[in-house]
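Structure at a glance
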Amino acid sequence: MKLVLGRRVEPDLGEVRVTRWVGTFGVGRILNGKTANSQMIGGIIYGIGMALMEHTLTDPHRGRVVNADLAEYHVPVNADVPDIEVLFVDEHDPHINPLGVKGIGEIGITGKAAAIANAVYHATGKRVRDLPITLDKLL
C-alpha cells in the first residue's frame, strides 16, 4: 500500500487538516469497481476520524461512556473530508482462489491513522502516539 498524504497544521492553533489523499491498493481481481472504490474511500475517511477526532470518554466513577451519542462523539463530516483518489493495482493471484478475488472490507482503513501521525510528525516535529491527535498533544 502506498499513500500520498497532503497535510496542513495551522501553526498558531495547532489544527490538523488532511488536504489530499491518494491511496493505491493491491486487492486482487475487482468484481465491482464502483463498490470497491467506495469501500476504500470509506476506510480512508474512517481512518481520518480515528486519527483526528474519535475519542471515547469514560466516567471513572461510574464506568459509563460519557459521549455515547453523535452529538458529543465527533466523526468526520463532509467539511472534514479531503480530495480522495483511489487507485487499484492490477494483480492476479491464482493461489488465493480460482477467481483471484479477495475481501477488501478492512484494507481501506489499515495504516491510515499511522500515516496521519507520521505526516503530523513531519509537519511539526512532534511524535504523537496516542489517538486522537489533538492540540494538547501537539503543544
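Here the focus is the overall build of the chain. Along the backbone of the chain there are 3 helices and 3 strands. Starting at the N terminus and walking to the C terminus, you meet the elements of the chain as β-β-α-β-α-α. Across its three principal directions, the C-alpha atoms of the chain cover 55 × 35 × 25 Å. Counting every position in the chain, which comprises 139 residues, the buried fraction comes to 30%.

Under the criterion given, the structure shown has 1 aromatic pair. The interplanar angle of 45 degrees and the centroid separation of 6.4 Å between the aromatic rings of F25 and F88 together place this pair among those described as tilted. Highlighted residues: F25 in strand β2 (residues 16–25) and F88 in strand β3 (residues 83–88), separated in sequence by 63 residues.

This part covers the layout of surface pockets. Taken as a whole, the largest pocket holds about 200 Å³ of empty space. If you go around the largest pocket, the residues you meet are G14, E15, V16, R17, V18, I48, L52, M53, D80, I133, T134 and L135. For the lining of the largest pocket, the element with the highest residue contribution is β2, accounting for 3 residues. Split by residue class, the lining of the largest pocket holds 7 nonpolar, 2 polar and 3 charged.

Attention shifts here to the pattern of salt bridges. Side chains that differ in sign of charge can pair as their charged atoms come close. For the coordinates displayed, the defined rule picks out 3 salt bridges. In this structure, R17 engages D80 in a salt bridge whose closest nitrogen and oxygen atoms are separated by 3.4 Å. With R17 in strand β2 and D80 in the loop between α1 (33–52) and β3, this residue pair connects regions lying 63 residues apart in the sequence. By relative accessible area, which is 25% here, R17 ends up partly exposed. Note on D80: relative accessible area 19%, which makes it buried.

The next thing to look at is α1. If you check α1, its first and last C-alpha atoms are 29 Å apart, about what 20 residues at 1.5 Å a residue would give, namely 28 Å. The complete set of buried residues in α1 reads A36, M40, G43, I44, G47, I48, G49, A51 and L52. Check the buried side of α1 and you find it contacts β2, β3 and α2 (112–124). For α1, the N-terminal cap is N32; the gap from its side-chain oxygen to the backbone nitrogen of K34 is 3.2 Å.

In this section: the side chain of K112. Note that K112 resides in helix α2. E106 is the oppositely charged side chain nearest to the buried, salt-bridge-free K112, at an N-O distance of 10 Å. For K112, the side chain forms a polar contact with the main-chain oxygen of T110, separated by 3.2 Å.

Rules and cut-offs
Residues numbered from 1 in each chain as written. Predicted model: local features only at pLDDT ≥ 70, side-chain atom pairs only at ≥ 80, totals over all residues. Heavy atoms only, no water. Helix = DSSP H or I, 4+ residues; strand = E, 2+ residues; numbered from the N terminus. Buried < 20%, exposed > 50% of the residue type's maximum accessible area, 1.4 Å probe, protein only. Phe/Tyr/Trp six-rings, centres within 6.5 Å; stacked < 30°, edge-to-face > 60°. 1 Å grid on protein atoms, 1.4 Å probe; cavity = no way out; pocket = protein on both sides within 12 Å on 5 of 7 lines; lining within 4 Å. Points joined across faces, edges and corners; volume = space filled by probe spheres on them. Nonpolar A, V, L, I, M, F, W, Y, C, P; charged D, E, K, R; others polar. Salt bridge = Lys/Arg side-chain N within 4 Å of Asp/Glu carboxyl O. Expected span 1.5 Å × (residues − 1). Contact = heavy atoms within 4.5 Å. Polar contact = N/O pair within 3.5 Å; in protein donor to acceptor, adjacent residues only side chain to side chain. Lys, Arg positive; Asp, Glu negative; His and termini not counted.

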